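# Structural overview
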Amino acid sequence: MTARTLCLPLFKTAPRVMAELPQPQATRRFLMLHGEGLATPRAAVWALRFSPLVGIWREEGLLIETTGLPEPEGALLPRVLAGFVRAGHPARGLLGSTPAALAALLRAGLEPQVLTPDQEAATLPRLPVSALALPDAIITALHRLGLRDVAALEAQPRGPLARRFGPAMALELAALRGAIAPFTPIRPPPVHVAARDFLSPLVTAPGLERAIGTLIATLCEGLLTTGEGARVLSLTAFRGDGSWQELGQGLGQASREPAHIHRLLARRVEELRPELGFERLILAAEVTETLTPRQAGLPGEEVPREELAALLDRLGQRVTLWRLAPHASHWPERAVQRVSAFATPPGFILLSPWRPLRLLRHPLALEAVALLPDAPPSLLRLGRQSHRITRAMGPERLEPEWWRGHSARPRDYYVVQTQSGARWWVCRSGMPGAVDARWYLHGFI
Amino acid sequence: MDRLALMAGLRARIARFDPGLAAGSTNGRATLPLSPEIDAHLPWNGLPLAGLHEVLAAEPGAGIGFSALLLARAQTALPGRSVLWIAGEPDAYPPGLAQLGLSAAGLVLVRAPRPADALWAAEEGLRCPAIAAVLVMNATPDLTAARRLQLAAETGGGIGLLLRGDDANPGPTAALTRWRLSARAATDASPHHLGEPAWDISLLRARGGRPGAWAGEWDAMRGELRVLGPAETTRCARA
């Protein structure tokens, strides 16, 4: 009775969900591959088709983590080896639980097979020391001492061994028994991945689109269960001949809407080059963000932001988009700066009512006639046309920002109205009366 | 009287084919206010939303000023929505546009060097319910493309503005209205003071309405377009 009363509050604080989470597997499983030209990023990226965790092992081979893969290990090993043969990289492989031990066993010439942890532990003592990843000098010294296999080596006290041969020896012995397993995958594994194999290679655009559609559906289901939305997607398509193609697609706002993602990726299908056909597609959400579900707006309510983000995503595939934000500068070109179209820039503060509506990126050169060197112009010539100035306001002198160097010259800005009524924002670059003073039409008011 | 009844009957028949085409559907249509005089002249009692409008600019400054005014009014009428500014090289300058009430926070600039891309972006934008207005500069869509824009605007509910240079013979259009803007001297102007922006606003055509011409001035303090009176109709005759 007392035990029962003690247990009840525990049940309340610790939710039962915890008990239902999948338990991590007791041992991690690795596939070590040795072969010609395998320890390269190229081969490692290609091997991503078997598992999302692939690393290069000490410049001698590839290490693929196979923990939790759905395929039985007995079938996985021949399939991976056959895949490497077809890709032009014949390899020998061992599937086991300790990378360092697998590498040593491969070096000792063990045939490709699947090793259980017990088998592995049983094989290790008979391993000759020459198969260990140790410098030749150490191995010669070990032979001279009469230590010819791992059993003999492990029988020695560790302290004197480490003092005599340095830390490399201690590290290797620890790695052999799985005490440390240094392993850096070439890419951080994405949490959300959808992959599919195709028996007949995909060549046509409609076929690819349909295949991508099924992948998107799977991916979005996964995103929904964890409450996330994708920001960056990557589609990797593997061809039969061992080559592959990658497409990246960014999203302005996290989304798990299959229709939106499908519309974005469908536009990219034409960039895929199937050649002889794709036999495996992997769609991964490389970057995700938390996305809390929102209720769709009722009619008359504020328009949901997702509509705008989806539109900007679509437009951004074909044209360039940006917004303008104020920048602390009195120099006209620098008073605005471009920011992302997905940002919400602050408003502008009016410095002077006489600012143009359009500021020409390339100001038009003018020729000016003025009564006096420092008087406003009375006649402006733009190209071959002369414009008589009926009204002029100014000058508004803007000095260049001295902290930006001395290349710019002071400008005198005038607002002028031509005889036809047009209002121009013109400036004289340079001091009045200077021989090199130039006139420009900089904007329309 | 017969004539009026006949017209009403014809309009009702057209309305059955295409609600957007009918001038008879004026009563239920959401509009943007311009100024009391111009609104009263337009058959919709204001500039209709969910429609395409064309602005011919005799002067670049006058055209952009009037367009910015319409964009700002669309921003106010449809709060929370954004405005797209599509041009080959968009050079909108918010410190100046703020005077006409156009806020930079809801303004997205779109650089589309190819006209086909500009029209595509305009159509996508107009169809989107998160867009209040789309301004396309210097694009001359043919009748089919303009009709597509008009239909897209009816879906999304915003306004589309086609701003282009003045043309003596602008050709047919699928837009609801076509305006020509030229600059004029302000009433309080002196040789050393330009005064408020002042425009000659001519309505060249309005579907189901009559052309008109006004002289207008932008009153920045009150934020309204002040109509000074009917303009001398020399330019209007060209339409």
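Since this is a predicted model, take the numbers as computed values, not measurements.

Turning our attention to the environment of Gly248 of chain A. Residues and elements named next belong to chain A. Looking at the element boundaries, Gly248 is found in strand β8 (residues 244-255). Given 11 C-beta atoms within a 10 Å radius, Gly248 is considered exposed. Counting along the chain gives 17 residues from Gly248 to Leu265, while the straight-line C-alpha distance between them is 9.5 Å. Residues within four places of Gly248 in sequence aside, it is in contact with Val232 and Ser234.

Moving on: the packing of helix α9 (residues 158-165) of chain A against helix α10 (residues 167-176) of chain A. Residues and elements named next belong to chain A. Here α9 crosses α10 at 130 degrees, and the two axes come no closer than 6 Å. Here α9 is positioned oblique relative to α10, judged by the angle of their axes. Within the contact between the two elements, α9 uses Arg158, Leu161, Ala162 and Phe165 and α10 uses Pro167, Ala168, Met169 and Ala170. Residues of the contact of α9 with α10, tallied by class, amount to seven nonpolar, no polar and one charged.

Judged by nonpolar contacts, the single largest core of 106 residues is most densely connected at Trp85, Ile86, Val110, Val134, Leu135, Val136 and Leu161 of chain B. Take this core: its biggest share by element is nine residues, from helix α3 (residues 60-77) of chain B. What Val134 of chain B contacts, discounting residues up to four positions off in sequence, is Leu84, Ile86, Ala122, Gly125, Leu126, Gly158, Gly160 and Leu161 of chain B. Counting 42 residues, the second largest nonpolar core, distinct from the first, contains Phe30, Leu38, Trp46 and Leu94 of chain A.

This part takes up the sheet that holds strand β1 (residues 30-35) of chain A. Sheet strands pair by backbone hydrogen bonding; their relative direction is either parallel or antiparallel. All names here are of chain A. Strand order across the open sheet formed by five strands is β2-β3-β1-β4-β5, with mixed pairing between neighbours. Where the open sheet ends on each side, the last strands, each with one partner, are β2 (54-57) and β5 (113-114). Pairing of strand β4 (residues 91-96) with β5 involves two bridges; the strand directions are parallel. Paired with Leu95 across the bridge in β5 is Val114.

Okay, the environment of Arg381 of chain A next. Take Arg381 of chain A: it is sitting in strand β13 (residues 377-382). If near-sequence neighbours (up to four positions away) are discounted, Arg381 of chain A is found in contact with Leu366, Glu367 and Ser386 of chain A.

What follows deals with the pairing of strand β3 (residues 51-57) of chain B. Here is the key point about a regular strand: its side chains alternate between the two faces of the sheet. Residue and element names in this part refer to chain B. For β3, a buried count of seven out of seven residues is recorded, marking the element as mostly surrounded by other parts of the structure. Summarising the sheet, β3 and strand β7 (residues 159-165) pair through seven bridges and their orientation is parallel. From the neighbouring strand, His53 faces β7, where its bridge partner is Leu161. Both β3 and strand β8 (residues 177-183) contribute to a ladder of five bridges, which runs parallel. Bridge pairing links Val55 to Trp179 in β8.

Right, let's get into α3 of chain B. When the terminal C-alpha atoms of α3 of chain B are compared, their 26 Å separation across 18 residues agrees well with the 26 Å that a helix rising 1.5 Å per residue should span. Here α3 of chain B lies mainly inside the structure; 16 of its 18 residues are buried.

Domain parsing of chain A yields domain 1 (30-176), domain 2 (192-290) and domain 3 (358-444). Taking the mean C-alpha position of each, domain 2 of chain A and domain 3 of chain A sit 55 Å from one another.

This part takes up the sheet that holds strand β12 (residues 358-370) of chain A. Residues and elements named next belong to chain A. The strand order around the closed barrel formed by six strands is β12-β13-β14-β15-β16-β17, and the pairing between neighbours is antiparallel. Each neighbouring strand pair of the sheet contributes to a mean axis angle of 45 degrees, computed without reference to strand direction. Relative to strand β16 (residues 423-429), strand β15 (residues 411-418) runs antiparallel, the two sharing seven bridges. Across the sheet, the residue bridging to Val416 is Trp424, located in β16.

Conventions used here
- Residue numbers here run from 1 along each chain, matching the order of that chain's written sequence.
- Lettering of chains starts at A and numbering of ligands starts at 1, both following the order in which they are written.
- Two thresholds apply to this predicted model, a pLDDT of at least 70 for residue-level local features and 80 or more for giving and counting side-chain atom pairs, whereas whole-chain, interface and lining totals are computed over all residues.
- A run of H or I in DSSP counts as a helix once it spans at least four residues, and a run of E counts as a strand once it spans at least two, with each numbered from the N terminus.
- Remark: C-beta atoms are placed from the backbone, and a residue is labelled buried if 20 or more other C-beta atoms sit within 10 Å of its own, exposed if 12 or fewer do, or partly exposed between those counts.
- With C-beta atoms placed from the backbone, a contact is any residue pair whose C-beta atoms sit within 7 Å.
- For helices, the fitted axis covers only the stretch in contact; all axes are lines through C-alpha atoms, and the angles between them, taken along N-to-C directions, range from 0 to 180 degrees.
- Angles below 35 degrees are treated as roughly parallel, those above 145 as roughly antiparallel, those between 65 and 115 as roughly perpendicular, and all remaining angles as oblique.
- Charged means Asp, Glu, Lys or Arg here, nonpolar means Ala, Val, Leu, Ile, Met, Phe, Trp, Tyr, Cys or Pro, and polar covers whatever is left, Gly included.
- A set of buried Ala, Val, Leu, Ile, Met, Phe, Trp, Tyr and Cys residues, joined to one another through C-beta atoms within 7 Å, is what we call a nonpolar core.
- By this definition, two strands are paired if DSSP reports at least two bridges between them.
- To estimate the expected span of a helix, count its residues, drop one, and scale the result by 1.5 Å.
- Domain borders in the structure are assigned automatically or taken from a domain database.

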